[in-house]
Amino acid sequence: MDRVTVFFNSTLLHFSQLITGLQYLNEKNKIELKYQLELNRYPIHIFKIDYNGLSLFFDMSDNSEIDWKIYEESDFYIKRMLNKTDFEQYDKLVPYGLNYQVYYKNNFLKYLFLKDRKLLKYSMRFSKSMSLVLNIKDCVRNNCLSGMESKPSMGRQILFRARLWDPDNNETDWKKRERVILNEERISINRLLKKSYNSHFKGGIQKDSFSESQCPDLLLSKKEYHKSTYLKELRGSSIGIVNQGLENSISWKMGEYVAHGLAIITSSIDKFELPGNFKEGENYLKYGSVEECLEMTELLFKDDALRAKIQKNNEIYYLNFLHPGAKMTQIFNYINEKGKA
């Protein structure tokens, strides 16, 4: 049996899928799993895992930069936002692929605060009762594995909910410009879809002080934007819109949409290496402008056969490459095959 040790380094929510996959495999007796608390040894976006004596480093940051010092320390470096050009050039790089928040029962993390009191808030995510009392949005109660997947919906509901980023909260000029562009696109797409599809469209913008000044006609209250409400709408949708995340990353919505079998319309993801056969025209349609996004939406809305084909392909992709247990199995299989080469 494969032996896996997680060196717990970070409470970033980016690692929830990875940990869920390992917990799932451990419960199914596919691996022997242990944890060690090791805070602040590596950057906050990095986890080290020992896999049968190999040092694996998981880099879950939003950008595509490689930490070359850690790369040299690694046997394999598993990168979420992995550029195809880097993947082709460096042998130890492994694509992690799509990411989203998903939780699994985990007593080590539930009682982690007993080892370090500063981790109490994080531990509460793994307590169904406390997360309910404290109204924690992203937790094992709302985002449990069984609740973060569903069969494709046969309706024609379109989904695109988003938040805005205040450019003035960042001091870097290019990041300010990036946030302005993201905000404008999210607002424009929401307004046009709301106007064109009325009750078939489930969208809106998270309400906060900044969005109130930008798009008061699109705001979703805290209750409407809550994860439990979003998941209900996700299960009932067949078409999902994704635009890029910060630093040109692939949004977590992409993973959520695939896990629920939606037909996806997305801004370009061409530069990134993803595991499996995740293809334009088969798993998603691509847009390069707000106008093209509307054209692709109309195509999927009217073409039942195309929409159903993409939905089915994403259901299959989820089961083989995105389900947290399948994702970790694929990564371990890739490493084992690479080691034989």
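Our subject is the structure that appears above.
Since this is a predicted model, take the numbers as computed values, not measurements.

S.K.: Before we move on, can you summarise the overall build of the protein with the specific residues and values?
M.R.: When helices and strands are tallied, the protein shows 14 helices and 12 strands. Over its C-alpha trace the protein gives a radius of gyration of 20 Å, about what one expects of a compact globule, namely 20 Å for 341 residues. Dimensions of the protein, computed from the C-alpha atoms along their principal axes, are close to 55 × 45 × 40 Å. Counting all 341 residues of the protein, 55% fall into the buried class.

S.K.: Tell me about the nonpolar core, and please be specific about residues and values.
M.R.: Counting 62 residues, the largest nonpolar core has L22 and F58 as the members making the most contacts within it. The dominant element in this core, judged by the number of residues it contributes, is helix α11 (residues 252-259), at 5 residues. For F58, the contacting residues outside a window of four places in its chain are F15, L18, H45, I46, F47, I49, I78, Y96, M328 and I331. Grouped together as the second largest cluster of nonpolar side chains are 27 residues, L164, F201, I265 and Y287 included.

S.K.: Describe in detail the packing of helix α12 (residues 290-302) against helix α13 (residues 304-322), supporting the description with residues and values.
M.R.: Helix-helix packing: each pair is described by the crossing angle between the helix axes and the interaxial distance. Where α12 meets α13, the closest approach of the two axes is 5 Å, and the angle between their N-to-C directions is 95 degrees. The pairing of α12 with α13 is recorded here as roughly perpendicular in orientation. The segment α12 lies against α13, with L299, L300, F301 and K302 engaging D304, L306, R307 and I310. Residues that form the contact of α12 with α13 fall into these classes: 5 nonpolar, no polar and 3 charged.

S.K.: Describe in detail the environment of F210, supporting the description with residues and values.
M.R.: Along the chain, F210 falls in helix α8 (residues 209-214). Among the residues examined, F210 registers a relative accessible area of 15% and is labelled buried. Sequence separation between F210 and E185 is 25 residues, and the spatial gap between their C-alpha atoms is 16 Å. Other than its neighbours up to four places away in sequence, F210 contacts L164, W165, D166, P167 and N183.

S.K.: How would you explain the packing of aromatic side chains if you had to name every residue and give the values?
M.R.: Aromatic ring pairs are defined here through the distance separating the ring centres and the angle between the ring planes. Tallied over the entire structure, the rule returns 18 aromatic pairs. Pairing F8 with F47 gives two aromatic rings, centres 5.5 Å apart and planes at 70 degrees, and the pair type is edge-to-face. Separated by 39 residues along the polypeptide, F8 in strand β1 (residues 2-8) and F47 in strand β3 (residues 46-51) bring together distant segments of the chain. Taken individually, F8 and F47 each receive the classification buried, so the pair is uniform in this respect. When the ring of F278 is compared with that of Y317, the centres are 4.8 Å apart and the planes differ by 55 degrees; the resulting orientation is tilted. Taken as a pair, F278 in the loop between β11 (263-267) and β12 (284-287) and Y317 in helix α13 lie far apart in primary sequence, 39 residues in all.

S.K.: Could you give me a rundown of the sheet that holds strand β5 (residues 76-79), with the residues and numbers involved?
M.R.: What the 6 strands build is an open sheet, ordered β2-β1-β3-β4-β5-β6; its pairing is mixed. Whereas interior strands pair on both sides, the edge strands pair on one side only; in this sheet they are β2 (31-37) and β6 (93-95). Mean inter-strand twist for the sheet, computed between neighbouring axes without regard to direction, equals 25 degrees. Pairing of β1 with β3 involves 4 bridges; the strand directions are antiparallel. Each bridged residue has a counterpart across the sheet, and for T5 the counterpart in β3 is D50.

S.K.: Describe in detail empty space enclosed by the protein, supporting the description with residues and values.
M.R.: Going through the model one piece at a time under the given rule, you end up with 2 cavities of 30 Å³ or more. Approximately 60 Å³ is the volume found for the largest cavity. Residue lining of the largest cavity: 13 residues in total, with Q244, S249, I250, S268 and I269 positioned closest to the centre. Residues of the lining of the largest cavity, tallied by class, amount to 5 nonpolar, 8 polar and no charged. Roughly 50 Å³ of internal volume is contained in the second largest cavity.

S.K.: Hey, could you go over unusual backbone geometry for me, with residue numbers and the actual values?
M.R.: Phi angles above zero are rare outside glycine, and N29 is one such case at about 60 degrees. Along the chain, N29 turns up in the loop between α1 (16-27) and β2. The exposure class of N29 is exposed, given its relative accessible area of 57%. The phi dihedral of N52 falls on the positive side, at around 50 degrees, and the residue is not glycine. Assignment of secondary structure puts N52 in the loop between β3 and β4 (54-59).

S.K.: Could you give an account of α12, naming the residues involved and the relevant values?
M.R.: Its 13 residues give α12 an end-to-end C-alpha distance of 19 Å, which sits within 8% of 18 Å, the value for a rise of 1.5 Å per residue. When we look at burial in α12, the residues that qualify are V290, C293, L294, M296, T297, L300 and F301. Buried residues of α12, seen end-on, are gathered within an arc of 165 degrees and therefore sit on one face of the element. Set apart from the buried face of α12 by more than 90 degrees, the exposed residues are E291 and K302. Against β7 (158-162), α7 (173-197), β10 (239-242), β11, β12 and α13 lie the buried residues of α12.

Definitions and limits used
Residues numbered from 1 in each chain as written. Predicted model: local features only at pLDDT ≥ 70, side-chain atom pairs only at ≥ 80, totals over all residues. Heavy atoms only, no water. Helix = DSSP H or I, 4+ residues; strand = E, 2+ residues; numbered from the N terminus. Rg over C-alpha atoms; globule rule 2.2 N^0.38 Å. Buried < 20%, exposed > 50% of the residue type's maximum accessible area, 1.4 Å probe, protein only. Core = buried A, V, L, I, M, F, W, Y, C linked by side-chain atoms within 4.5 Å. Contact = heavy atoms within 4.5 Å. Axes fitted to C-alpha atoms, helices over the stretch in contact; angles between N-to-C directions. Parallel < 35°, antiparallel > 145°, perpendicular 65-115°, else oblique. Nonpolar A, V, L, I, M, F, W, Y, C, P; charged D, E, K, R; others polar. Phe/Tyr/Trp six-rings, centres within 6.5 Å; stacked < 30°, edge-to-face > 60°. Pairing = 2+ DSSP bridges. 1 Å grid on protein atoms, 1.4 Å probe; cavity = no way out; pocket = protein on both sides within 12 Å on 5 of 7 lines; lining within 4 Å. Points joined across faces, edges and corners; volume = space filled by probe spheres on them. Expected span 1.5 Å × (residues − 1). Arc of directions from axis to C-beta.

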